[in-house]
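Commentary on secondary and tertiary structure
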Amino acid sequence: MGQGNYYQQPPPRQQQAPPPQYQQQPPAYYPPQHIGQRMEHADIVQRFVAILIDAIIIIIPVAIVIFLLVMGTNWMEPDPNSAFDQTGMGFFSGGYLLMSVLPVLLMLLYFVVMEGGSSGATIGKKIMKLKVVDEQYRQIDMSKAFVRNILRWIPVIGTIVFIVDVILIITRDDKQSFRDTLAHTYVVRVNPQQFGQVP
């Protein structure tokens, strides 16, 4: 009797273990849409109160000091030897120039240094819990702070820019002013402990 052909079943295949599940790491920074949900953009009232506080604390005292400095000298008196006074352009000479230009330079320096510094806010903004950030909600540098502040201190142009800023802050959902658009910045409300920190 011949030997039959026996079918041998192959050994069962071992199931491979599933690859280990790695815990997903959080992103290094929150995308703008996420931060926009947890940070409130400052409205026109909050920003107006902040600038009013800055005016009371900084702008008015500086203007008074400059005025007293000029009035305590003879710089305001016409100079017959000055070409400006002889041509009727005395505004550009002596105390007139100091009184008109120096306060503007000091105020521009104040806003640029404070907003471009580690806190990202002036004294008025700190009191109102406001902070200037870029469009990715990160700390801004001095160059962005300069761009968003230079126009407000130019005569006539500053007034026009102020009116446009008010309209845009009221009408835009992100409350971004014209100056913010130029500098690619936002003004947001933050907790006191967030000053000096990159959100």
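Cut-offs used in this document
Residues numbered from 1 in each chain as written. Predicted model: local features only at pLDDT ≥ 70, side-chain atom pairs only at ≥ 80, totals over all residues. Heavy atoms only, no water. Helix = DSSP H or I, 4+ residues; strand = E, 2+ residues; numbered from the N terminus. Buried < 20%, exposed > 50% of the residue type's maximum accessible area, 1.4 Å probe, protein only. Contact = heavy atoms within 4.5 Å. Areas by Shrake-Rupley, 256 points an atom, 1.4 Å probe, with all protein chains shown as cover. Core = buried A, V, L, I, M, F, W, Y, C linked by side-chain atoms within 4.5 Å. Expected span 1.5 Å × (residues − 1). Arc of directions from axis to C-beta. Salt bridge = Lys/Arg side-chain N within 4 Å of Asp/Glu carboxyl O. Phe/Tyr/Trp six-rings, centres within 6.5 Å; stacked < 30°, edge-to-face > 60°. Pairing = 2+ DSSP bridges.

Observations regarding the overall build of the protein chain
- On a plain count of helices and strands, the protein chain comes out with 8 helices and 2 strands.
- N-terminal to C-terminal, the α/β element order of the protein chain is α-α-α-α-α-β-α-α-α-β.
- Here the protein chain holds 199 residues, and the buried ones make up 30% of them.
- Considering only intrachain contacts with a sequence separation of at least 6, the fraction spanning at least 24 residues in the protein chain is 69%.
- Here the protein chain displays about 13500 Å² of accessible surface, and carbon together with sulfur accounts for 64% of that area.

Side note on the nonpolar core
- By size, the foremost hydrophobic cluster in this structure holds 11 residues: A42, A50, I53, L108, V112, M128, L130, V132, I140, A145 and V187.
- Excluding anything up to four places from it in sequence, A42 contacts R47, L130, I169, K175, V187 and V188.

Some details on helix α7 (residues 157–171)
- The end-to-end C-alpha distance of α7 is 21 Å, a good match for the 21 Å that 15 residues give at a rise of 1.5 Å each.
- Every buried residue belonging to α7 is among G158, V161, D165 and I169, and all of these are buried. Seen from one end, α7 has its buried residues packed into an arc of 65°, which puts them on one side. Looking at α7, the residues exposed on the side facing more than 90 degrees away from the buried face are T159, I160, I170 and T171.

A word on unusual backbone geometry
- Of note in the backbone geometry, Y137 takes a positive phi value of approximately 60° without being a glycine.
- Here Y137 shows up in the loop between β1 (130–134) and α6 (142–150).
- Residue class for Y137 comes out buried when judged on its relative accessible area of 4%.
- Positive phi values are uncommon outside glycine, yet V156 reaches one of about 70°.
- By the secondary structure assignment, V156 is in the loop between α6 and α7.

Looking at the pattern of salt bridges
- Tallied over the entire structure, the rule returns 8 salt bridges.
- Here R148 makes a salt bridge to E115, at a shortest N to O gap of 2.8 Å. Of this pair, R148 sits in helix α6 while E115 is found in helix α4 (residues 94–116), placing the two residues 33 residues apart along the sequence. An identical accessibility class is assigned to R148 and E115; each is buried.
- Because the salt bridges share partners, they merge into one network encompassing R47, E115, K125, R148 and D180.

Looking at the packing of aromatic side chains
- Here the structure, examined in full by the defined rule, presents 3 aromatic pairs.
- Seen in terms of ring centroids, Y110 and F111 are 5.1 Å apart; in terms of plane orientation they differ by 80°. Their pairing is edge-to-face.
- For the pair Y137 and Y186, a centre-to-centre distance of 5.4 Å together with 35° between the ring planes defines the contact as tilted. Of this pair, Y137 sits in the loop between β1 and α6 while Y186 sits in strand β2 (residues 185–189), and the two are 49 residues apart along the sequence.

Some remarks on the pairing of β2
- Within β2, 4 of the 5 residues are buried, leaving the element largely enclosed by the surrounding structure.
- In this sheet, β2 lies alongside β1 in antiparallel orientation, the contact comprising 5 bridges. Residue pairing for β2: V133 is matched across the bridge by Y186.

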